[in-house]
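# Observations on the model geometry
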Amino acid sequence: MHYRPEIDRLRAVAVIPVLLFHAGFGFISGGFAGVDVFFVISGFLITALIHQEIRSGAFSVIGFYERRARRIAPALLFVCIACIPFALMWMLPKEFGKSLYAANLFAANFFFWDQTNYFTPDTGLMPLLHTWSLAVEEQFYVVFPLLLISLRRFTEATALRAVVAVTILSFGATQLVVGIDPAADFYLLPSRFWELGLGAAVALSGIAHRELSRSLRECFACFGVFLIGASYLSITEAQHYPGWATVPVVAGTALVIAFGRRDTLIGKCLSVRPLVAIGLCSYSLYLWHQPVFAFARMRMNDSLTPAGCLALISLCFGLAYLSWRYVERPFRNRARFSRTAIFATVASIGSITVAAGLVLDGSDGLAGHNVELARLAKPSVGLSKDCNAVIDLKCSTSSQPVIAVWGDSFARHLVDGILASEPEARLVQLTNNNCGPLTGLAPILPRLDPAWPQKCIGHNKEVQRFLLAHRSIRYVVLSSPLNQYLAEKTMLLEGRGAVQSDARIVADSFRASLAWLRSNGFRPVVIAPPPQDGRDSGLCVARARLLGASAEGCGASFETVRMHDRDVLTVLAGIARDYPVVSFNGYLCDDGRCRTEDKGVAIFEDHGHFSDEGSRHLGTTLEFYQVFASAAEYGCTAERGRLGAPIRGICNPAEDTIMVSASANDVFPARSRTGVERAQ
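Residues numbered from 1 in each chain as written. Predicted model: local features only at pLDDT ≥ 70, side-chain atom pairs only at ≥ 80, totals over all residues. Heavy atoms only, no water.

What follows concerns the packing of aromatic side chains. Under the defined criterion, the tally for this structure stands at 32 aromatic pairs. One aromatic cluster in this structure is built from F59, F64, Y65, F140, Y141, F144 and F193. The ring of Y141 carries the charged tip of R68 above its face, separated from the ring centre by 5.1 Å. Across from the ring centre of F186, 4.6 Å away, lies the NZ or CZ of R192, which sits over that ring. (Phe/Tyr/Trp six-rings, centres within 6.5 Å; stacked < 30°, edge-to-face > 60°. Lys NZ or Arg CZ within 6 Å of the ring centre and 35° of its normal.)

With that out of the way, let us pick up the nonpolar core. With 109 residues, the main nonpolar core has V37, F44, F96, Y118, W132, Y187 and I257 as its most contacted residues. Ranked by size, the runner-up nonpolar core spans 42 residues in total, among them L430, W516, F522 and A528. (Core = buried A, V, L, I, M, F, W, Y, C linked by side-chain atoms within 4.5 Å. Buried < 20%, exposed > 50% of the residue type's maximum accessible area, 1.4 Å probe, protein only.)

In this section: helix α14 (residues 282-299). Relative to the 26 Å expected for 18 residues at 1.5 Å per residue, α14 spans 26 Å between its end C-alpha atoms, a close match to the ideal helical length. Taken as a whole, α14 carries its principal kink of about 25 degrees at W288; the proline P291 stands between one and four residues after it. For α14, the tally of buried residues reaches 17 of 18 residues, placing the bulk of the element in the interior. (Helix = DSSP H or I, 4+ residues; strand = E, 2+ residues; numbered from the N terminus. Expected span 1.5 Å × (residues − 1). Bend = angle between axes of the 7 residues up to and from the residue.)

Once that is clear, we can look at the environment of L146. Note that L146 resides in helix α6 (residues 131-150). For L146, a relative accessible area of 55% corresponds to the exposed category.

Right, let's talk about the packing of helix α4 (residues 97-104) against helix α5 (residues 108-115) for a bit. One can describe the packing of α4 onto α5 by two numbers: an axis separation of 7 Å at closest approach and a directional angle of 145 degrees. In contact with K98, S99, A102 and A103 of α4, α5 contributes A108, F111 and F112. Split into classes, the residues belonging to the contact of α4 with α5 amount to five nonpolar, one polar and one charged. (Axes fitted to C-alpha atoms, helices over the stretch in contact; angles between N-to-C directions. Contact = heavy atoms within 4.5 Å. Nonpolar A, V, L, I, M, F, W, Y, C, P; charged D, E, K, R; others polar.)

Scanning all chains against the criterion turns up five disulfides. Each sulfur in the disulfide pair C387 and C395 lies 2.1 Å from the other. Here the disulfide of C387 and C395 is left-handed, its torsion about the S-S bond being about -100 degrees. Residue class for C395 comes out buried when judged on its relative accessible area of 2%. The partner cysteine of C540 in its disulfide is C554, sulfur to sulfur 2.1 Å. Given an S-S torsion of about -80 degrees, the disulfide between C540 and C554 has left-handed geometry. Pair noted here: C540 is in helix α22 (residues 537-547) and C554 is in the loop between α22 and β8 (556-557), with a separation of 14 residues, a long-range link. The burial state of C540 is the same as that of C554; both residues are buried. (Disulfide = S-S within 2.5 Å.)

Below you can see the structure in the form of structure tokens.
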């Protein structure tokens, strides 16, 4: 294959926006699309190389993977090994082990697909997040050579048509998968193949070497650069990606590759010295940038200044040069490392890093030696971790329960607090993870069994039958964050099947549950989810303690919380017009910020669930049992306690202290610290 230096330097145009995006510079909102530029370049270069070899009979599978090993593995292994000491010092249980071995098995895209949305705030603290794209490329390198080998007996035109057909199918997959699982659409090869495939199609078409007028090539190459630049500046994280929003940057890269030769203006611009230098070490620069930013954010508790980010970018360039000079170049030199030596070195060091990841993960993480930190992350599981989706008195503190807790894991995490506030409470736990207490409605979650939504609806019917069979129950505490309904594309609505997610449907189903409870003589109370902004605040507090830093930065501004929870708050505000709702915002949020610690106690386990200790602390401090029972009995309006007063409104615990009686069927007297907000 004829060497195209301008394509090599196009890598600089790909990697710089990625650095700026991950550094947090908002003016380049679509900087992450630099990865798409890398994909198109890789598809073109690999196809041009192996297609030529296959047609000439010179292709060797071993030789192909030797080149891949020399190119990719040494620098990746070096960066992974360099991350381990910092992870040991600054990371917490199960944060690093899985990602370490997944990265070295080129399965990081599957790991992060299962773990996180790429655009959530916490991804900035994941040192090996960026290895998902390397995994996609390596998986492409397994599949695509087989496709070309299978097409070797056909004409080049037929091979091109086949690749174009697969590319179109892959793009079609983005339109299908994004509606089912947006994270899978982002991370997995089927919906990324088309980007590499377009580069491959350019290589197979031979258009990059055809004699075309210079003016035509200038126009197409300039237009390609315009499309790339416009994508960097206009794409936002909120858009479904990849998909139609990705087409301009992918098409633009293909145009530059096809027409931006050295004699064009674009080709000459790509030959300027800075881009040449950055292009040479672009792979190492890509490898280093995410760990550098992630570890710096950990150490600074996610409070990097713009000046600090610029300093880190300079550090990335320095590390990239060193690893290119002393790691990448030597291992690419066949005179220094033979085929046997490169395979043996990569296999041995790779095995060690995979084993290290397995050991770290199997030993419960990197801070397992610190009992205090492990305790912070202990989840609040209620009566027992075996009580999930169980509807039976074995998940009860009494054969004659008085208070029932119904909902998902955000209902479950209230149980420890209720029992801490009243150890003798007669309580039954009726919780099912992800399944809110909504009549005839269930979220459709891609990672769960397709039959699960129907099971969730059935679970809630069973809860209602259980409540009717146990008339000792007076109070029913309901809770759910509702985001599993509102954030997904579709929900299962009984009698109608899959429907588009809609806050009105969620509110109606929630109201149906509450109306059913009230019509059958129960006194319901809804507990709003704690204030959250999408970050893993529990992990943030634990890391701050590990580093001896302040956890103040782990809290979120109230405005950020309101934006994050706006749909949930809208639903609950509507419910509060007719039913009592208890909110923790009034207690946890003040002076425009929401706390993640209270009186020295870390409240959260993760992004929103109370930890075991946090639930017990808040339960005791805010008197969960008494407040919940009082709200259910008397509501939260200014007229509460008066004969005929409406049982509705929003209660903010611990604002005022008023004595009420919630006794019934040996219910414990309720001393309620309940502030009053009139439902509007």
